Amino acid sequence: MLLLDIEAELSIWDQGWTVWSEEQFPVAEPAYHLALWLRSPNAGHEGFALDSMQAEEGMIRIVNSGRGRRIGSTLTPDFWTTPVGWDVLVSEIMHFGRSVRGGVAAMGVDAAFIPEP
């Protein structure tokens, strides 16, 4: 499946600290699922947990902490980013999606399978 064959480094950073990083992660899959999550009418109200075909569920998690959204991973369960506002989170997810779609297109593959949020 194409979503699993496109790999790149994926890292979650917070104020210069690595929350989680994987060197060869299938980046098209989280881009796809995050775009669908942002399209959901409940996206601003419910959290996100990446349900991946290649990784443990929740490898990437987004939760509402009451002061903003925090990002974490089941791989580092005690470490979360500092809270960020919804607008900041959406902007970063959209930037991630554009980067993945651009990388996919640069490989000569039609990136339309990764929806725009």
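Note that the structure is predicted; figures quoted are calculated from it, not measured.

Colleague: Looking at this structure, I do not really get the pattern of salt bridges. What am I missing?
Modeller: Side chains that differ in charge, positive against negative, can pair when their charged atoms come close. Applying the stated criterion across every chain yields a total of one salt bridge. For Arg101, the salt bridge is made with Glu116, and the minimal N-O distance between the two is 3.4 Å. Highlighted residues: Arg101 in helix H3 (residues 86–106) and Glu116 in the segment after H3, separated in sequence by 15 residues. The exposure class of Arg101 is buried, given its relative accessible area of 10%.

Colleague: Just checking my understanding: could you explain the sheet that holds strand E4 (residues 61–64) for this structure?
Modeller: Remark on secondary structure: sheet strands pair via backbone hydrogen bonds, oriented parallel or antiparallel. Strand order across the open sheet formed by four strands is E3-E4-E5-E6, with antiparallel pairing between neighbours. Every interior strand has two partners, whereas the edge strands, strand E3 (48–49) and strand E6 (76–80), have only one. Of the pairings in the sheet, the one linking E3 to E4 comprises two bridges and is antiparallel in character. Paired with Phe48 across the bridge in E4 is Ile62.

Colleague: Explanation requested: empty space enclosed by the protein in the structure shown.
Modeller: Rolled over the atoms, a probe sized like a water molecule indicates the empty space that remains. Taken as a whole and assessed by the stated rule, the structure comprises one cavity of 30 Å³ or more. Volume-wise, the largest cavity comes out at about 40 Å³. Around the largest cavity, the lining residues are Trp37, Ala43, Glu46, Gly47, Ile62, Val63, Asn64 and Arg69. When residues in the lining of the largest cavity are grouped by element, the largest group, three residues, is from E4.

Colleague: I would appreciate a short explanation of the environment of His95 in the present structure.
Modeller: Inspection of the secondary structure puts His95 in helix H3. Residue classification places His95 among the partly exposed residues on the basis of a relative accessible area of 43%. Each C-alpha atom, one on His95 and one on Ala31, is 9.9 Å from the other, the two residues being 64 residues apart in sequence.

Colleague: Honestly, the environment of Leu10 in this entry has me stumped. Any pointers?
Modeller: Take Leu10: it is sitting in strand E1 (residues 7–14). Overall, the relative accessible area of 9% leaves Leu10 in the buried class. Taking the C-alpha atoms as reference points, Leu10 and Phe96, 86 residues apart in sequence, are found 9.8 Å from one another.

What counts and what doesn't
Note on numbering: residues in each chain are counted from 1, in written sequence order. Restriction of local features to residues with pLDDT of at least 70 applies here, the model being predicted, together with a cutoff of 80 or more for giving and counting side-chain atom pairs; totals for whole chains, interfaces and linings are based on all residues. Side-chain descriptors were evaluated using all non-hydrogen atoms of the structure, hydrogens and water having been removed beforehand. Here, a salt bridge means any side-chain nitrogen of Lys or Arg that lies within 4 Å of a carboxyl oxygen of Asp or Glu. Numbered from the N terminus, helices here are DSSP runs of H or I no shorter than four residues, and strands are runs of E no shorter than two. Buried means the residue's accessible area, taken with a 1.4 Å probe over protein chains only, is under 20% of the maximum for its type, while exposed means over 50%, and partly exposed covers the values in between. Strands are labelled as partners when DSSP assigns at least two bridges between them. Only protein atoms enter the 1 Å grid used here, on which a cavity is any set of points holding a 1.4 Å probe that cannot leave and a pocket is any open set flanked by protein within 12 Å on both sides along at least five of seven lines; residues with an atom within 4 Å of a point are listed as lining. Grid points are joined across faces, edges and corners, and a volume is the space filled by probe spheres set on the points.

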